[in-house]
Each structure stands twice: as structure tokens, then as C-alpha cells.
Amino acid sequence: MSLPDSELPRTEDEWRVRLSPEEFRVLREHGTEPAWTGEYVDTRTPGMYRCRACGVELYPSDTKFDSHCGWPSFDDAIPGAIKEVEDNSLGMRRTEIRCARCDSHLGHVFHGEGFTPKDTRHCVNSLSIRLDPSTA
């Protein structure tokens, strides 16, 4: 579940204590896990994907689709849960997506690829999210 605001880390040192080294690298240092290695690439379990850092709801499982890109892909997020930031690293222009609550790096969003009717692909690191399976 989501951490209370009073328990959210305020400094990177506090985040480093809460997260594993790999989670910290991806979530706080804007890293990327290797393609096809994440635990949620092929997952079809119904539920809600939450930010691994703060626990806030990000993506319902019914927005997940198979884009064959090597990372979990979603075509929509919970309104207000994601913020977009221009990313000009690696010599290209992309749009980074971060958790709107704790500012942790999730991945990147791409538009115009034609994968879904919404024409959007949130390409998310498995290390950035945690699945809360449905109990229904």
C-alpha cells in the first residue's frame, strides 16, 4: 500500500536505505533495467501496478499490453499519477515518466507508434513498479 506522506523519504540518502541498490539506481538515478529481464515483462495477472518507491497506484493491469519491447508497456495511467519530463539524454529527445507523488523514475512514454487505440506506450521498468494482485 501507499506510504503515508509523513513516511516518504526526504533525501536521497533516506531513499538509499529504503530501496535495494538496483531499485535505487533505476528509481532515483534514472537508470534502466536490461530488456527482457524484468519480472513484469510477460505478467498477465489482474491487479494494480503501484510505484515501488512510495506505493501509490499508477497503472491498472487492464492497461498493460504486449509491445515486444522488453519492458512492461501500458497505454494509460491513473489520472494525475504520472508526470512527464523532457529527457534529452543519450543524444535523443524522449519524454521521461516519473511518479507524480515521489518523483521516482518509471521509464519513458512514446506516442504515435500505433500499438493501441490510445496510440501511447508507457515503457516502464519492472524495478519501478510492484503488482498488487486483485483479490476478486
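Here's what I pulled together on the structure shown here. In this text the structure is predicted, and so the values were computed from the model without any measurement. Each chain has its residues counted from 1, following the order in which its sequence is written. Per-residue local features of the predicted model are confined to residues with pLDDT of at least 70, and side-chain atom pairs are confined, for both listing and counting, to 80 or more; whole-chain, interface and lining totals are unaffected and use all residues. Excluded from the side-chain calculation are hydrogens and water; included are all heavy atoms of the structure.

### Quick look at the overall build of the protein
Thought 1: Runs of E in the DSSP output that reach at least two residues are strands. Runs of H or I that reach at least four are helices, and both are numbered from the N terminus. Counting its regular elements, the protein contains two helices and nine strands.
Thought 2: Taking the principal axes of the C-alpha coordinates as reference, the protein spans close to 45 × 40 × 30 Å.
Thought 3: What makes two residues a contact is simply this: any of their non-hydrogen atoms within 4.5 Å. Looking at the protein alone, contacts between residues at least 24 apart form 52% of all its contacts between residues at least 6 apart.
Thought 4: Per-residue and other accessible areas follow the Shrake-Rupley method at a 1.4 Å probe size, with only the shown protein chains counted as cover for residues. Working note: accessible area of the protein is about 7200 Å², and carbon and sulfur atoms make up 51% of it.
Thought 5: For the purpose of charge, His is not counted, nor are the chain termini; Lys and Arg are scored as positive and Asp and Glu as negative. Charge positions are represented by NZ for Lys, CZ for Arg, CG for Asp and CD for Glu. In the protein, the 17 positive side-chain charges and the 24 negative ones have mean positions that sit 2 Å from each other.

### Here we look at the sheet that holds strand E2 (residues 57-60)
Thought 1: Whether two strands pair comes down to DSSP finding at least two bridges between them. With respect to topology, three strands assemble into an open sheet ordered E2-E1-E9, the strand pairing being antiparallel. Since the sheet does not close on itself, it has two edges, and those belong to E2 and strand E9 (129-133), each with one partner. Within the sheet, the average angular offset between the axes of one strand and its neighbour, ignoring direction, is 30°. For helices, the fitted line uses only the C-alpha atoms of the stretch in contact; every axis is such a line through C-alpha atoms, and the angle between N-to-C directions lies from 0 to 180 degrees.

### A look at the nonpolar core
Thought 1: To qualify as a nonpolar core, a set must consist of buried Ala, Val, Leu, Ile, Met, Phe, Trp, Tyr and Cys residues joined through side-chain atoms within 4.5 Å. Each residue is placed in one exposure class: buried if its accessible area under a 1.4 Å probe, protein chains only, is under 20% of its type's maximum, exposed if it is over 50%, and partly exposed if it falls in between. Membership of the largest hydrophobic core comes to 25 residues, with the highest contact counts inside it found for Leu58, Tyr59, Ile82 and Cys102.
Thought 2: Contributing elements (two or more residues each) for this core: helix H2 (21-27), strand E1 (47-51), E2, strand E6 (94-99), strand E7 (105-111) and E9.
Thought 3: With residues up to four places along the chain from it excluded, the contact list for Cys102 reads Leu8, Trp15, Arg28, Cys51, Ala53 and Cys54.

### Quick word on the environment of Lys64
Thought 1: In this fold, Lys64 is placed in strand E3 (residues 64-65).
Thought 2: Along the backbone, Lys64 and Val26 are 38 residues apart, and their C-alpha atoms lie at a distance of 20 Å.
Thought 3: Discounting chain neighbours no more than four positions away, the residues touching Lys64 are Tyr40, Val41, Asp42, Thr43, Arg44, Tyr49, Pro72, Ser73 and Phe74.
Thought 4: Think of a polar contact as two N or O atoms within 3.5 Å of one another; within protein, one of them needs to be a possible hydrogen donor and the other a possible acceptor, and neighboring residues in sequence only count if both atoms come from side chains. For Lys64, the side chain forms a polar contact with the main-chain oxygen of Tyr40, separated by 3.0 Å.

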